[in-house]
Amino acid sequence: MSKGYWIARVDVTDAEAYKRYLAANGIAFAKYGGRFLVRGGPFDNPVGTARERNVVIEFDSLEQARACYASPEYAAAIEARSEGAVVDLIIIGGYDGPQPGA
């Protein structure tokens, strides 16, 4: 079964609200098995439009990724953020097919 991922791009507009979101989101991620693969950090943006933060969270399946977003625990985290950030988020299934050169 393919893994599921959240890919988020974030501009923080209210640092205090965003801190509340960060403190609250771990409850949902722990419950649904979310693991950070990317959480901020330096990046290059050779094409397109960037936001100040990039995040990739891995889940055991696309279903778990979707369930986490729809959960009451994550709804509480979003409420804690309360307009503290502009977020672009996609939830996407992983790829288990052949790789180049394989």
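Everything quoted here is computed from the prediction, not taken from an experiment.

Caption draft 1: The arrangement of the side chain of Ser61 in detail. Locating Ser61 in the fold gives a position in the loop between β3 (53-59) and α2 (62-70). If sequence neighbours within four positions are ignored, Ser61 has contacts with Met1, Ser2, Lys3 and Gly4.

Caption draft 2: Structural context of the pattern of salt bridges. Enumeration over the complete set of coordinates arrives at eight salt bridges. Across the pair Lys31 and Glu73 runs a salt bridge, and its minimum N-O distance is 2.8 Å. Taken together, the positions of Lys31 in helix α1 (residues 15-31) and Glu73 in helix α3 (residues 72-81) put the pair 42 residues apart, joining distant regions of the chain. Residue Lys31 is classed as exposed on the basis of its relative accessible area of 51%. Ionic pairing is found between Arg35 and Glu58, a salt bridge with its closest N-O pair at 3.3 Å. Pair noted here: Arg35 is in strand β2 (residues 35-39) and Glu58 is in strand β3, with a separation of 23 residues, a long-range link. Several salt bridges share partner residues, and in doing so they unite Lys3, Arg35, Glu58 and Asp60 into one network.

Definitions and limits used
Residues numbered from 1 in each chain as written. Predicted model: local features only at pLDDT ≥ 70, side-chain atom pairs only at ≥ 80, totals over all residues. Heavy atoms only, no water. Helix = DSSP H or I, 4+ residues; strand = E, 2+ residues; numbered from the N terminus. Contact = heavy atoms within 4.5 Å. Salt bridge = Lys/Arg side-chain N within 4 Å of Asp/Glu carboxyl O. Buried < 20%, exposed > 50% of the residue type's maximum accessible area, 1.4 Å probe, protein only.

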